[in-house]
Amino acid sequence: MDNENQNQEPQRFDTPQPVQYEPQYDLPDDPPGSKKKKHLALAIASLVLSGLSLCCCWLYVVGIIPAVIGAVFGLIALAGGKEKSVKIMGGIGMGLGIIGIGLSLFMLISYIAIINWDNLTIENLESFKYIRNPQDRREVMEWMQQFFNEDISGGMYY
């Protein structure tokens, strides 16, 4: 029998033994509440808020609020960030925030400049009650036009 076992060819396709894999976990370099992650979050928030301020700069004072917050967050991320990408995002967010502040102030000054301050009196404001139909946009627009130096109708009269 020993000769038979020796003459017998080994099986070519042995069943592979299962291999035990150890899962590889990437442990974070920093704990969840670390300053590195906080500065990255501030840099991202700075970019988002500053971009929002550029979109809202024409809405009276609404654009100044996210611009100021975005510029401050960008300054904090720029000053305290250790990584180059955090510093770059913080700098860009701060720059966009400053531009947003400038544009919002420019729009606010432009809005104030078109007001006709001579006609802005209590008597003229009270004249609104003499409009026949307050639901008529054209009539209300004509009444409002007395308070502005520029035509605010947007072609509504034509």
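K.L.:
How do you make sense of the pattern of salt bridges when you look at a structure like this?
P.N.:
Pairing is possible between side chains of opposite charge, provided their charged atoms come close. Inspection of every chain in the model, using the stated rule, returns two salt bridges. Its salt-bridge partner being Glu139, residue Arg132 comes within 3.8 Å of it at the nearest N-O pair. The exposure class assigned to Arg132 is exposed, which follows from its relative accessible area of 75%. Look at Glu139 and you get buried, because its relative accessible area is 16%. The salt bridge involving Glu142 is made with Arg138; its shortest N-O contact spans 3.4 Å. Residue Glu142 and its partner Arg138 are both found in helix H6 (residues 137-145); the two are separated by four residues, about one turn of the helix. The class of Glu142 is partly exposed, set by a relative accessible area of 40%.

K.L.:
Would you explain the packing of aromatic side chains in this entry?
P.N.:
Under the criterion given, the structure shown has two aromatic pairs. Considering the side-chain rings of Trp143 and Phe147, the 5.0 Å spacing of their centres and the 75° angle between planes classify their relative orientation as edge-to-face. Here Trp143 falls in the buried class, since its relative accessible area comes to 17%. Taken together through their ring pairs, the aromatic side chains of Phe128, Trp143 and Phe147 make up a single cluster.

K.L.:
What's the story with the packing of helix H3 (residues 64-80) against helix H4 (residues 84-113) in this structure? I'm lost.
P.N.:
Helices that pack against each other are described as a pair by the angle of their axes relative to one another and the distance between those axes. Interaxial distance between H3 and H4 falls to 7 Å at its minimum, and their mutual angle equals 155°. Looking at the two axes, H3 sits roughly antiparallel to H4. Between H3 and H4 the crossing geometry is left-handed. Contacts from Ile64, Ala67, Val68, Gly70, Ala71, Gly74, Leu75, Ala77, Leu78 and Ala79 in H3 reach Val86, Lys87, Gly90, Gly91, Gly93, Met94, Gly97, Ile98, Gly100, Ile101, Ser104 and Leu105 in H4. Taken together, the residues of the contact of H3 with H4 sort by class into 13 nonpolar, eight polar and one charged.

K.L.:
I tried to follow H4 on my own but got confused; where do I start?
P.N.:
Since one α-helical turn is 3.6 residues long, residues separated by three or four positions face the same way. The end-to-end C-alpha distance of H4, which contains 30 residues, comes to 43 Å, matching closely the 44 Å that a straight helix rising 1.5 Å per residue would cover. Within H4, burial applies to Val86, Gly90, Gly93, Gly97, Gly100 and Ser104.

K.L.:
Help me understand H3 in this model?
P.N.:
Its 17 residues give H3 an end-to-end C-alpha distance of 24 Å, which sits within 8% of 24 Å, the value for a rise of 1.5 Å per residue. Of the positions making up H3, those classed as buried are Ile64, Pro66, Ala67, Gly70, Ala71, Gly74 and Ala77. Each buried residue of H3 lies within a common arc of 155° when the element is viewed along its axis, so the set occupies one face. Along H3, exposed side chains directed more than 90 degrees from the buried face belong to Ile65 and Ala79.

K.L.:
Honestly, a nonpolar patch on the surface in this entry has me stumped. Any pointers?
P.N.:
A contiguous nonpolar surface patch, about 480 Å² in accessible area, is contributed by Ile112, Trp117, Leu120, Ile122 and Leu125. Along the polypeptide, Trp117 turns up in the loop between H4 and helix H5 (122-126). The exposure class assigned to Trp117 is exposed, which follows from its relative accessible area of 51%.

K.L.:
Please explain the state of the cysteines as it appears in this structure.
P.N.:
Throughout this description, disulfide means a covalent bond between two cysteine sulfur atoms. As enumerated under the stated definition, the model contains zero disulfides in all. For Cys57, which is in no disulfide, the shortest distance to another cysteine sulfur is to Cys56 and amounts to 8.2 Å. A relative accessible area of 12% means that Cys57 is categorised as buried.

Calculation rules
Residues numbered from 1 in each chain as written. Predicted model: local features only at pLDDT ≥ 70, side-chain atom pairs only at ≥ 80, totals over all residues. Heavy atoms only, no water. Salt bridge = Lys/Arg side-chain N within 4 Å of Asp/Glu carboxyl O. Buried < 20%, exposed > 50% of the residue type's maximum accessible area, 1.4 Å probe, protein only. Helix = DSSP H or I, 4+ residues; strand = E, 2+ residues; numbered from the N terminus. Phe/Tyr/Trp six-rings, centres within 6.5 Å; stacked < 30°, edge-to-face > 60°. Axes fitted to C-alpha atoms, helices over the stretch in contact; angles between N-to-C directions. Parallel < 35°, antiparallel > 145°, perpendicular 65-115°, else oblique. Left-handed = near helix turned anticlockwise from the far one by under 90°. Contact = heavy atoms within 4.5 Å. Nonpolar A, V, L, I, M, F, W, Y, C, P; charged D, E, K, R; others polar. Expected span 1.5 Å × (residues − 1). Arc of directions from axis to C-beta. Patch = residues over 30% accessible without salt bridge, like charges linked within 9 Å, V, L, I, M, F, W, Y side chains within 5 Å. Areas by Shrake-Rupley, 256 points an atom, 1.4 Å probe, with all protein chains shown as cover. Disulfide = S-S within 2.5 Å.

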